[in-house]
Amino acid sequence: MGKRSFKKAFKVQDEYYTPSILVNMLIPYLEKWERDFIEKEGHRPLIWLPFDTEDSQYYKILKERFQVVRSHLNDGKDFFNYQPAQFDIIVSNPPFSRKLDVMERCCFELKRPFVLLMNIMCLNYQEIGNFFQFVGAVLQLGDLRVGQIVLDLAADAGAVHDT
């Protein structure tokens, strides 16, 4: 019998595409956020999709309703070293293996509102709970059959949002 490699058994695979059911779950929330933004700022917000190809459901669905700009590592635009010249909110399903790094960059470097779609297991991470002391948070449970939650750790997210 040959040797088994734990590295192969647990290879990090972060390139998973979000199904449309989960992207569509965000639409009512983003529509309300956009209305509030327009009332406050006087123009439509630009949504940055930092981990999305042209084939992603985020890009395909949200570009039909909102102003969006997308980027992806395959385009030479690494989220940790790149940001578009203009954006008002980040919407993403971040790579699971880098979720804490993504949250840290969103909270402390980019300092813009953001909506992150993550699996429900992320609530078990103390490090994620620690972010709540720095920014307001809204948790939105989606379709539990797919076990996803939305973490809105926007600077102004202290209130509960109607969706």
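For the structure itself, consult the block above.
The rules we used
- Residues numbered from 1 in each chain as written.
- Predicted model: local features only at pLDDT ≥ 70, side-chain atom pairs only at ≥ 80, totals over all residues.
- Heavy atoms only, no water.
- Helix = DSSP H or I, 4+ residues; strand = E, 2+ residues; numbered from the N terminus.
- Buried < 20%, exposed > 50% of the residue type's maximum accessible area, 1.4 Å probe, protein only.
- Contact = heavy atoms within 4.5 Å.
- Areas by Shrake-Rupley, 256 points an atom, 1.4 Å probe, with all protein chains shown as cover.
- Pairing = 2+ DSSP bridges.
- Right-handed = clockwise from strand over helix to strand, strands pointing away.
- Core = buried A, V, L, I, M, F, W, Y, C linked by side-chain atoms within 4.5 Å.
- Phe/Tyr/Trp six-rings, centres within 6.5 Å; stacked < 30°, edge-to-face > 60°.

## Quick notes on the overall build of the protein chain
Step number 1: Counting its secondary structure elements, the protein chain contains five helices and six strands.
Step number 2: When the helices and strands of the protein chain are placed in sequence order, the string is α-α-β-α-β-β-α-β-α-β-β.
Step number 3: When each of the 163 residues of the protein chain is scored for burial, the buried share is 44%.
Step number 4: For the protein chain, the share of sequence-separated contacts (at least 6 apart) that also reach a separation of at least 24 residues comes to 59%.
Step number 5: If you sum the accessible surface of the protein chain, you get close to 9,800 Å²; carbon and sulfur atoms cover 50% of it.

## Some details on the pairing of strand 2 (residues 67-70)
Step number 1: The alternating pattern of strand 2 places Val68 and Arg70 on a buried face and Gln67 and Val69 on a face that is not buried.
Step number 2: Inspection of the sheet shows strand 1 (residues 46-49) paired to strand 2 by four bridges, in the parallel sense. Looking at the pairing, Leu49 lines up with Arg70 of strand 2.
Step number 3: You can see the chain leave strand 1, run along helix 3 (residues 57-62) and come back into strand 2, and the turn it takes is right-handed.

## So, the nonpolar core
Step number 1: By size, the foremost hydrophobic cluster in this structure holds 21 residues, and its most contacted members are Leu49, Tyr58, Leu62 and Val91.
Step number 2: When contributions to this core are tallied by element, the ones reaching two or more residues are helix 2 (20-41), strand 1, helix 3, strand 3 (89-92) and strand 4 (114-119).
Step number 3: In terms of nonpolar packing, the next biggest core, distinct from the first, is built from 13 residues, Trp48, Phe51, Ile90 and Cys106 among them.

## Examining the packing of aromatic side chains
Step number 1: Using the criterion set out here, one finds six aromatic pairs in the structure.
Step number 2: Considering the side-chain rings of Trp33 and Phe37, the 5.2 Å spacing of their centres and the 25° angle between planes classify their relative orientation as stacked. Of the two residues, Trp33 and Phe37 are both situated in helix 2; the distance of four residues between them amounts to about one turn of the helix.
Step number 3: The buried category is assigned to Trp33, whose relative accessible area is 11%.
Step number 4: Take Phe37: its relative accessible area is 12%, and that puts it in the buried class.
Step number 5: Arranged with centres 6.2 Å apart and planes meeting at 75°, the rings of Trp48 and Tyr82 form a pair that is edge-to-face. With Trp48 in strand 1 and Tyr82 in the loop between strand 2 and strand 3, this pair connects stretches of sequence that are 34 residues apart.

## Looking at helix 4 (residues 99-110)
Step number 1: Within helix 4, burial applies to Lys99, Val102, Met103, Arg105, Cys106, Cys107 and Leu110.
Step number 2: Within two residues after helix 4, Lys111 carries a phi angle of roughly 50°, on the positive side.

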